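# Overview (structure and organization)
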Amino acid sequence: MTHLYGAFAVDGEARVGVRYGDQVLDLAAALEPGLAAAVAGPNLDRLLAGGRTLWEQVHAAVADLEPRPEHLHPLAGGRGLLPFTVADYVDFYSSEHHARNLGRILRPGQPELPPNWKHLPVGYHGRSGTVVVSGTDVVRPSGQRRTPDGDVVFGPTTRLDIEAEVGYVVGTPSALGTAVPLDDFRDHVFGVCLVNDWSARDVQAWEYQPLGPFLGKSFATSIGAWVTPLAALDAAWVAPPPRDEPLLPYLDDATTAPAGLDLRLEVLLNGHRVAAPPYSSMYWTGAQQLAHLTVNGASVRTGDLYASGTVSGPEKGERGSFMELSWAGQEPIELPDGTTRTFLEDGDEVVITATAPAPGGGTLELGEVRGTVRPGPAVR
Ligand code: CA
């Protein structure tokens, strides 16, 4: 049994595979011809476009498979390929704890949450062309920043950060001019993957007003190589936190199926666990995010990726960014090797993992997202 779908290379050819431990099963070779056609090609694109009925047929067939040795391959280089062609990319801001922490850090003395926050899932459109697969090095970006003295300078970011997030992978498109209601979420979304939304905090702080994130976010967004279908997460659905503002009907989930997910994330820096963010604490669900994303008639496409925003829980050890863990650099984190961190240094490796309750008991692991910081090119 496996719940990790992705793409891998065998003899120089990209194929769709599912993970069995350190090995990967060539799914097009293993499935009977009718279903094998759905997973032909170099990645999950064809399966994503096939729709919910097909996803569930494939998932049931995968569950029944007895993998044959000739269809199992070692994972070349230990890593998968980008699992699908990323169409549009949206990033939300759906953790109340994260939003309040950022409010306290960036706007002291003012209300922690902006007035819209409990009425809609705040988000922005990101850059799909720089979404990279787990294992891809992240080059330290350069950009403009303003020094504490007020000078505007250019150079490598001094505040490189992560954001530990969960991404939703859209399979079935929606038509321009239509909205996706909460109840149709599972007809459109194939599954989830982990996301690291790398962020240059100093670049972001200088550029973000009035139109929001731009170059401080667009240099790289890492996603896990292995997507977990919603069909494997039946035991993980939970009710989101109580809503303390009435919601407009298109977002009102009081009577819909619970759409929160009990995913337990961990953030490791150079192998040392620095945070354990609980995804079940997120205020806005993936269903609400999709409903809001399309409520103006904007369409979604096969391969669209929308991410949750930084996952942070109420406790200090549950914060999904170094901005919060180090409280904007004021409270350095101590590491077992005796060094401390506020933001990331060149050579640092960040791994984000997650587990979920498995059907029938136990837990299942989502595909990790891993990346190492490399120095940027010399700048002029
Ligand atoms: Ca983010």
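Figured I'd write up the structure that's included with this text. Predicted model only: the values in this text are computed from it and were never measured.

## Quick look at the pattern of salt bridges
Using the criterion set out here, one finds 25 salt bridges in the structure. As a salt-bridge pair, E96 and K118 come within 3.0 Å of each other at their nearest N and O atoms. Of this pair, E96 sits in helix α5 (residues 96-106) while K118 sits in the loop between α5 and β6 (123-125), and the two are 22 residues apart along the sequence. E96 gets classed as buried once you look at its relative accessible area, which sits at 15%. Look at K118 and you get buried, because its relative accessible area is 10%. A salt bridge links R273 to E266; the shortest N-O distance between them is 2.9 Å. By relative accessible area, E266 is classed as partly exposed at 27%. One network of salt bridges, with partners in common, ties together E96, R100, E112, K118 and D244.

## Some remarks on the nonpolar core
By size, the foremost hydrophobic cluster in this structure holds 58 residues, and its most contacted members are L265 and Y306. Formed by 33 residues, the second largest nonpolar core is a distinct cluster that contains V16, L25, C193 and L305.

## Looking at the coordination of the calcium ion
The coordination sphere of the calcium ion contains the protein donors D91 (OD), E163 (OE), E165 (OE) and D197 (OD), at a distance range of 2.2 to 2.3 Å. All donors of the calcium ion come from a single chain, and their spacing in sequence reads D-x71-E-x1-E-x31-D. In this pair, D91 sits in strand β5 (residues 89-92) while E165 sits in strand β12 (residues 164-170), placing the two residues 74 residues apart along the sequence.

## Observations concerning the side chain of T372
Examined against the element boundaries, T372 turns out to sit in strand β26 (residues 369-374). Classification of T372 by relative accessible area gives buried; the value is 12%. Excluding anything up to four places from it in sequence, T372 contacts T136, D137, V138, G347, D348 and E349.

Calculation criteria
- Residues numbered from 1 in each chain as written.
- Predicted model: local features only at pLDDT ≥ 70, side-chain atom pairs only at ≥ 80, totals over all residues.
- Heavy atoms only, no water.
- Salt bridge = Lys/Arg side-chain N within 4 Å of Asp/Glu carboxyl O.
- Helix = DSSP H or I, 4+ residues; strand = E, 2+ residues; numbered from the N terminus.
- Buried < 20%, exposed > 50% of the residue type's maximum accessible area, 1.4 Å probe, protein only.
- Core = buried A, V, L, I, M, F, W, Y, C linked by side-chain atoms within 4.5 Å.
- Donors = N, O, S within 2.8 Å, 3.2 Å for Na, K, Ca; no water.
- Contact = heavy atoms within 4.5 Å.

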